[in-house]
Amino acid sequence: MSNQHTVTLNDGVEIPVYGFGTYQIPPDGSTYRAVRQALELGIRHIDTAAAYFNEREVGQAVRDSGIPREEIFVTSKLWLQDYGYEPAKKGIQVSLDKLGLGYIDLYLIHQPYGDVPGAWKAMEEAKQAGKLRSIGVSNMTPKIWQAFVPQFDTLPSVNQVEFHPYFQQRELRKILDQAGVRLESWGPLAQGNPALLADPVVTRLAQRYGKDPGQIILRFELQEGVIVFPKSVHPQRMKSNMALFDFALTEEEMAAMEALDTGKGFHDPDAPGVAAFLLGAFDVHADDGKE
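Below you will find a few notes about this structure. (Residues numbered from 1 in each chain as written. Predicted model: local features only at pLDDT ≥ 70, side-chain atom pairs only at ≥ 80, totals over all residues. Heavy atoms only, no water.)

### Observations concerning the packing of aromatic side chains
Here is the rule we go by: Pairing of aromatic rings covers Phe, Tyr and Trp, the last through its six-membered ring, and needs centres within 6.5 Å; plane angles under 30 degrees mean stacked, over 60 mean edge-to-face, and all others mean tilted. Think of it this way: any DSSP run of H or I at least four residues long counts as a helix, any run of E at least two long counts as a strand, and we number them from the N terminus. Remark: exposure states derive from per-residue accessible area (1.4 Å probe, protein chains only) relative to the maximum for the residue type, with buried under 20%, exposed over 50%, and partly exposed in between.
Enumeration according to the criterion identifies four aromatic pairs in this entry. Taking 5.2 Å as the distance between ring centres and 45 degrees as the angle between the ring planes, the aromatic pair formed by Tyr23 and Tyr52 counts as tilted. Placement of Tyr23 in the loop between strand S3 (20–21) and helix H1 (30–40) and of Tyr52 in the loop between strand S4 (45–47) and helix H2 (55–64) is noted, with a sequence separation of 29 residues between them. Since its relative accessible area comes to 37%, Tyr23 is described here as partly exposed. Ring geometry for Tyr209 against Phe247: centres 5.3 Å apart, planes inclined by 45 degrees, an arrangement best described as tilted.

Right, dumping it as structure tokens:
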């Protein structure tokens, strides 16, 4: 991955800072086509999950790409129904089998509720066995982090959370920075929030650099040390989202972007009832044997 912009995680694994997210891309051939297109454009970091129901198509696209396996970084995630030590061992194997890539570069606790420590132990063992290169968590707020991570034998390498200029996770980032844990953003463009894309600070910088608002936002996030993977099924949008490495924002411009923080996001993992809602919303075993 020498031609990729990468950072090194706290376990020594190298990860591309720019990737391609597959959330809400259906497994009807759409995921396969989108991932093949992303790989053809030069993206080498693909993010999927058991609860996205498209691991098979991601794996097939990677295998069919003709690109050496070691040059592509693949992330997947364990879902709530498979938490606990024994269920997690099975869940990890299901992801490995569906992807069919030999190993997974990064595997995450997708939602931090229930028997997270049991699942983490299974992930640690899978990493030691070479099935997973790196392991991490997702959607952990400071409160949830303090509840679970002290019980782990090893630190997560990443925490994948909502992050964008309107929600910059300041408290969480202090904790992660102290622990040497990387923050990944699952919503780097605030899910296409029109207010953010039209924000005067963003549009002024876009005009200054001859970029579009999305490129300014993603560039800001990269300079903040955040790993990003915007999602698009449109090749032209994929291509423009990648044009981030031929300019840099100044300290003054970064400060103006930092001042956009509202401290509030779309998703609050600490809210009551979230775990029950998520467990009911996605059944990762519903399609067992049907995919």
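Read on for the rest.
### Focus: the environment of Gln24
Examined against the element boundaries, Gln24 turns out to sit in the loop between S3 and H1. Take Gln24: its relative accessible area is 57%, and that puts it in the exposed class.

### Remarks on the side chain of Gln169
Cut-off, in case you're wondering: By definition, residues are in contact when any of their heavy atoms lie within 4.5 Å.
Looking at the element boundaries, Gln169 is found in the loop between strand S8 (158–161) and helix H6 (170–179). The class for Gln169 is buried, based on a relative accessible area of 12%. Beyond its immediate stretch of four places on either side in the chain, Gln169 contacts Val161, Glu162, Phe163 and Leu183.

### Digging into the pattern of salt bridges
We apply this condition: Take a side-chain nitrogen of Lys or Arg and a carboxyl oxygen of Asp or Glu: if they are within 4 Å of each other, that pair is a salt bridge.
All chains considered together, the criterion is met by 10 salt bridges. The residue Lys77 makes a salt bridge to Asp47 at a minimum N-O spacing of 2.6 Å. Placement of the pair is Lys77 in strand S5 (residues 73–78) and Asp47 in strand S4, with a sequence separation of 30 residues. Each member of the pair, Lys77 as well as Asp47, carries the same accessibility label: buried. One network of salt bridges, in which partners are shared, links Arg69, Asp105 and Arg133.

### A word on the packing of helix H3 (residues 85–99) against helix H4 (residues 116–128)
Put simply, the test is: Angles here are taken between N-to-C directions and fall from 0 to 180 degrees, while the axes themselves are lines fitted to C-alpha atoms, restricted in helices to the stretch in contact. Working rule for angles: under 35 degrees goes down as roughly parallel, over 145 as roughly antiparallel, 65 to 115 as roughly perpendicular, anything else as oblique. By convention the crossing between two helices is left-handed if the near helix lies anticlockwise of the far one by an angle smaller than a right angle, and right-handed if it lies clockwise. Gly counts as polar in this scheme, as do all residues outside two lists: the nonpolar Ala, Val, Leu, Ile, Met, Phe, Trp, Tyr, Cys and Pro, and the charged Asp, Glu, Lys and Arg.
Contact geometry for H3 and H4: axes closest at 7 Å, N-to-C directions at 45 degrees. Here H4 runs oblique to H3, going by the angle between their axes. Crossing of H3 against H4: the hand is right-handed. Residue-level inspection shows Tyr85, Ala88, Lys89 and Ile92 of H3 in contact with H4, the latter providing Gly118, Ala119, Lys121, Ala122, Met123, Glu125 and Ala126. A per-class count over the contact of H3 with H4 returns seven nonpolar, one polar and three charged.

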